[in-house]
Amino acid sequence: MSVQSTLSSVIGPDSPPRTDGGGQYLSKNPANLDDVVAEVELGTPETLASAAEQAQRAQREWAQLPAPVRGRVIAGLGRLVESNKESLARLVTREIGKPYTEALGEVQEIIDTCDFFLGEGRRLYGQTVPSEMPDKQLFTFRVPVGVAAIITAGNFPVAVPSWYLVPALLCGNAVVWKPAEYAAGAARAVAEMAWKAGVPKGVLNLVYADGEATFEGLERALEAGTVNKVGFTGSSAVGKRVGELCGRHLQNPCLELGGKNPMVVAADADLDLAVEGALFSGWGTAGQRCTSLGNLIVHRDIHEEFVNRLDNALRAATVGDPGGDVLYGPMLDQKFADNFDSILGTLQPHHRTLGSDSVGRISESAPRKGFQGDPASGLFYHPVLVDGMRTDDHIFGNETFGPIVGVTTYETLDEAIELGNAPGYGLSAAVYTTDPSTAFRFRQGIGAGMVSVNNSTSGAEAHLPFGGNGKSGNGGRLSGMWVLDQFTRWQSLNWDFSGKLQKAQMDVDTV
Ligand code: UN1
């Protein structure tokens, strides 16, 4: 499988003509900025609006295919990805700098998602419901929403889009997919495989556009009634804008937003396990998962011991070339590196920074022991562990999306839960403890959509409900059977075979 170096802004059967220039975007390898992975022609608002019209035309025929037949197409996509697993993972590594082993895991996630939904084509259950009157039967059916506009981030350029695209298509919807520009090549590869597996081009439309063109195009499509559902994964700030826009058009989008995911380490925890979990979810993927560990909340009695162990583990961790055996590689792209610089700018004199001898970009003048590759060629940063974090610090209350984690301490479990909930996000949370009652009480009190016991905040399995509360989302859940409620609407059927007009509530014998 090869990725073309130049990708046009809409890829479909009769691509709409461009109305004004959206400009070019170069998707670069963040571990080697001289390596251009894809050159993208960005679309305009008109591009997105026309793609939605095209999707609306194509959707009717797609919805008429029996669901098990659509399930076969999804099965084909899964097998196609499976037979291209290594090359797709290599592309992910090259385009966004994700370590290769993680990239393989990410590709496995789309395969798992296809495996789950190929069977859903033979279920998509509705219900039979008893009527309050004789000779009458009530039923419910799941019907597709129509056209789904899916806007995805690029930190999981394959897995996260699949959580939307696969169920949306299976349920009989058409899709307009606007991936992150900095993951344009991976998006193209996934779309190509879906088309090859039998998804008609008009049913899956891939659109590249920058943020403002996307908002304008989406607004036009919502006004025209050509988009019936919006799915968005990205920051909480942009999610609010998407929510406002959809709300004005009476739509309830599926918003999967940021996280400030807490990990509580109880006094009775297995500290080796907790250090390993913190390392993976705090600094793995350079902290660029929505499920990445945000705040470490450590029991006072073990705080010093735990911080020392974690500091040592971080200093021993390998960073660098994502093709090698590293804990993490570069930032996703320049925008994320700039954001991380500004996060580092909020550190205060009361913070004790551990994990590395320097803070900031890894370079010749600020080297890192054991760094793999050439630090000057990419967007590599030192890991930071911040001890002495206070609750009014910027890093306590805000998602950082970088290799930094702050530590604070607690004495009672209630206090730990309060600290975990304080930032107002609610995506993922973890507790390390050997006491089941601590685990259960934590699960009850924490406001996260996903809770782990003795496992890290990241790495959710692909068939459990995925999603958050508060600033992390509007309560919708992706994955498994729960996502069906995002891409179908319930239709009821009221069938009277009595041969007379029976009136609900009035013709009912209640005696
Ligand atoms: C994300 O960062 O948007 O649970 C998703 C995890 C991954 C998905 C993360 N399976 O960490």
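Residues numbered from 1 in each chain as written. Predicted model: local features only at pLDDT ≥ 70, side-chain atom pairs only at ≥ 80, totals over all residues.

Break down the overall build of the chain for me, with residues and values.
Secondary structure summary: the chain contains 15 helices and 19 strands in total. Radius of gyration (C-alpha) of the chain: 24 Å, near the 24 Å computed for a compact globule of 511 residues. A separation threshold of at least 6 residues defines the contact pool for the chain, and within that pool the share at least 24 residues apart is 74%. (Helix = DSSP H or I, 4+ residues; strand = E, 2+ residues; numbered from the N terminus. Rg over C-alpha atoms; globule rule 2.2 N^0.38 Å. Contact = placed C-beta atoms within 7 Å.)

So what's going on with the UniProt feature "active site" (unreviewed entry) in the chain? Which residues, and what values?
Mapped onto the present numbering, the UniProt feature "active site" (unreviewed entry) falls on Glu256. The residues touching Glu256, leaving out its near neighbours within four places in the chain, are Thr233, Cys290, Gly467, Gly473 and Leu478. (UniProt positions renumbered as here; feature names shortened; annotations may be inferred.)

Outline the site of the ligand, listing residues and values.
Lining the immediate environment of the ligand, one finds Asn155, Phe156, Val160, Thr233, Arg289, Cys290, Thr291, Ser458, Gly459 and Ala460. Taken together, the residues of the shell around the ligand sort by class into four nonpolar, five polar and one charged. (Near = placed C-beta within 6 Å. Nonpolar A, V, L, I, M, F, W, Y, C, P; charged D, E, K, R; others polar.)

For unusual backbone geometry, give the residues involved together with the corresponding values.
Across the chain, the bulk of peptide bonds are trans and the bulk of non-glycine residues have phi less than zero. Look at Ala286: it is not a glycine, yet its phi comes out positive at around 55°. With respect to the helices, strands and loops of the structure, Ala286 is situated in the loop between helix H9 (271-283) and strand S13 (293-299). By C-beta crowding, Ala286 is classed as buried, having 32 other C-beta atoms within 10 Å. At Asn454, a residue that is not glycine, the phi angle is positive and equals roughly 55°. (Buried ≥ 20, exposed ≤ 12 C-beta atoms within 10 Å, placed from the backbone.)

Describe in detail the sheet that holds strand S16 (residues 404-410), supporting the description with residues and values.
Ordered in space as S14-S15-S16-S13-S12-S17-S18, the seven strands form an open sheet in which the pairing is mixed. Two strands bound the open sheet, and with one partner strand each, they are strand S14 (352-354) and strand S18 (450-453). Pairs of neighbouring strands in the sheet enclose a mean axial angle of 20°, with direction left out of account. Pairing analysis gives three bridges linking strand S12 (residues 261-265) to strand S17 (residues 428-432), with the strands arranged parallel. Bridge assignment links Met263 to a residue of S17, and that residue is Ala430. (Pairing = 2+ DSSP bridges. Axes fitted to C-alpha atoms, helices over the stretch in contact; angles between N-to-C directions.)

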